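Residue-level structure breakdown
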Amino acid sequence: MSSEKSLYERLGGIEGITTIVDDIIDLHFANPGIKARYMPLKENPEHFAEVRKHLIHFLAAGSGGPQTYEGGDMVTVHTGMNISKAEYMDVMDDIMAALDKNNISEDAKKDVLAIAYSLKGQMIGV
Ligand code: HEM
């Protein structure tokens with residue numbers, strides 16, 4: 001471990017993580033490489049709210065927070081989307097940009113990067 005604090009704490013707890021996820025979503029909507037994937041969410045506010053809650057809890061639970069993730073498993077959620085490596089990189093770029101925007105430390109950024117990278121095979125080519 002690069003720090004004594006949990007990753008959840010280093011991301012600012014549930015408040016910090018909520019802001020980070022909202023920033024990631026905003027960046028996705030503005031990212032020409034992937035925005036078409038997310039646009040349908042804008043037409044279904046109830047589903048959007050559910051997905052947003054799932055994203056927040058996914059990052060919170062995955063970083064050591066007390067929340068429970070109630071969304072689908074990563075393979076099931078992304079199956080059939082035919083996600084490319086380029087799209088995966090666009091998502092990773094947005095995640096890193098959101099962490100920068102929120103002044104997240106380098107060690108916490110590396111930990112998030114490692115987790116996100118470990119999930120790669122569950123999104124690409126499923
Ligand atoms: C490390 C990378 C990624 C992580 C951790 C991740 C995680 C998630 C999570 C937790 C959800 C919510 C699942 C639910 O509500 O049950 C979700 C939904 C979604 N993901 Fe990803 N994802 C990643 C990469 C991608 C990529 C590369 C794309 C395509 C550009 C993508 C497209 C989507 C879409 C469109 C949804 C909404 C699905 C729906 O409307 O139900 N994701 N993702």
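Within every chain, residues take consecutive numbers counted from 1 along the sequence as written. Per-residue local features of the predicted model are confined to residues with pLDDT of at least 70, and side-chain atom pairs are confined, for both listing and counting, to 80 or more; whole-chain, interface and lining totals are unaffected and use all residues. Each side-chain value is derived from all of the structure's non-hydrogen atoms; neither hydrogens nor water enter the calculation.

Considerations on the coordination of the iron atom of the ligand
As a reminder of what qualifies: Listed donors are limited to N, O and S atoms within 2.8 Å of the metal, widened to 3.2 Å for Na, K and Ca; water is not among them, so incomplete-looking sites are possible. Strands here mean DSSP runs of E at least two residues long; helices mean DSSP runs of H or I at least four residues long; both are numbered from the N terminus.
For the iron atom of the ligand, the protein contributes exactly one donor atom, His-78 (NE2), at 2.1 Å. Tracing the sequence through the fold places His-78 in helix H5 (residues 74-78).

Comments concerning the side chain of His-28
This is how the line gets drawn: Polar contact criterion, stated in full: a pair of N or O atoms within 3.5 Å, where within protein one must be able to donate a hydrogen and the other to accept it, and residues adjacent in sequence count only if both atoms are side-chain atoms. Whether two residues are in contact is decided by their heavy atoms: any pair within 4.5 Å suffices.
Topologically, His-28 is positioned in helix H2 (residues 13-30). A distance of 2.7 Å separates a polar atom in the side chain of His-28 from a polar atom in the side chain of Asp-94. Ignoring anything within four residues of it in the chain, the contact list for His-28 reads Ile-34, Lys-35, Tyr-38, Val-91 and Asp-94.

Topic: the pattern of salt bridges
Our working rule: The working definition used for a salt bridge is a side-chain nitrogen of Lys or Arg within 4 Å of a carboxyl oxygen of Asp or Glu. Note on classification: 1.4 Å probe, protein chains only; a residue is buried when its accessible area is under 20% of the maximum for its type, exposed when over 50%, partly exposed between these limits.
The full count for this structure, using the stated rule, is eight salt bridges. Residue Glu-106 is joined to Lys-109 by a salt bridge in which the shortest nitrogen-to-oxygen separation is 3.1 Å. A residue pair is termed a helical-turn pair when its members lie 3 or 4 positions apart in one helix, as Glu-106 and Lys-109 do in helix H7 (residues 106-118) at three residues. A residue is classified by how much of its surface remains accessible, and Lys-109, at 11% relative accessible area, is buried. Taken together, the shared-partner salt bridges connect Arg-10, Asp-107 and Asp-111 into one network.

Notes on the site of the ligand
Put simply, the test is: Throughout this document, a residue counts as near a molecule or strand when at least one of its heavy atoms sits within 4 Å of that molecule or strand. Under the convention adopted here, Pro, Cys and the residues Ala, Val, Leu, Ile, Met, Phe, Trp and Tyr are nonpolar, Asp, Glu, Lys and Arg are charged, and Gly plus all remaining residues are polar.
For the ligand, the set of nearby residues contains 23 residues, the closest of which are Tyr-38, His-47, His-54, Gly-72 and His-78. Here an oxygen atom of the ligand and a side-chain polar atom of His-54 are 2.6 Å apart. Tallying contributions element by element places helix H4 (residues 45-62) first for the shell around the ligand, with five residues. For the shell around the ligand, the residue count by class is 16 nonpolar, five polar and two charged.

So, the UniProt feature "binding site: heme" (unreviewed entry) in the chain
So the rule is basically this: UniProt positions are given in the numbering used here, feature names are shortened, and annotations may be inferred rather than shown by experiment.
On the UniProt side, "binding site: heme" (unreviewed entry) is annotated at positions that read His-54 and His-78 here. Despite a sequence span of 25 residues, these residues sit close together in the fold, their greatest C-alpha distance being 13.9 Å. The residues contacting His-54, other than those within four sequence positions of it, are Tyr-69, Glu-70 and Gly-71. If we ignore the near neighbours within four places in the chain, the residues touching His-78 are Ile-83, Gln-122, Met-123 and Val-126. One polar contact links the side chain of His-78 to the main-chain carbonyl oxygen of Met-74, over a distance of 2.9 Å.

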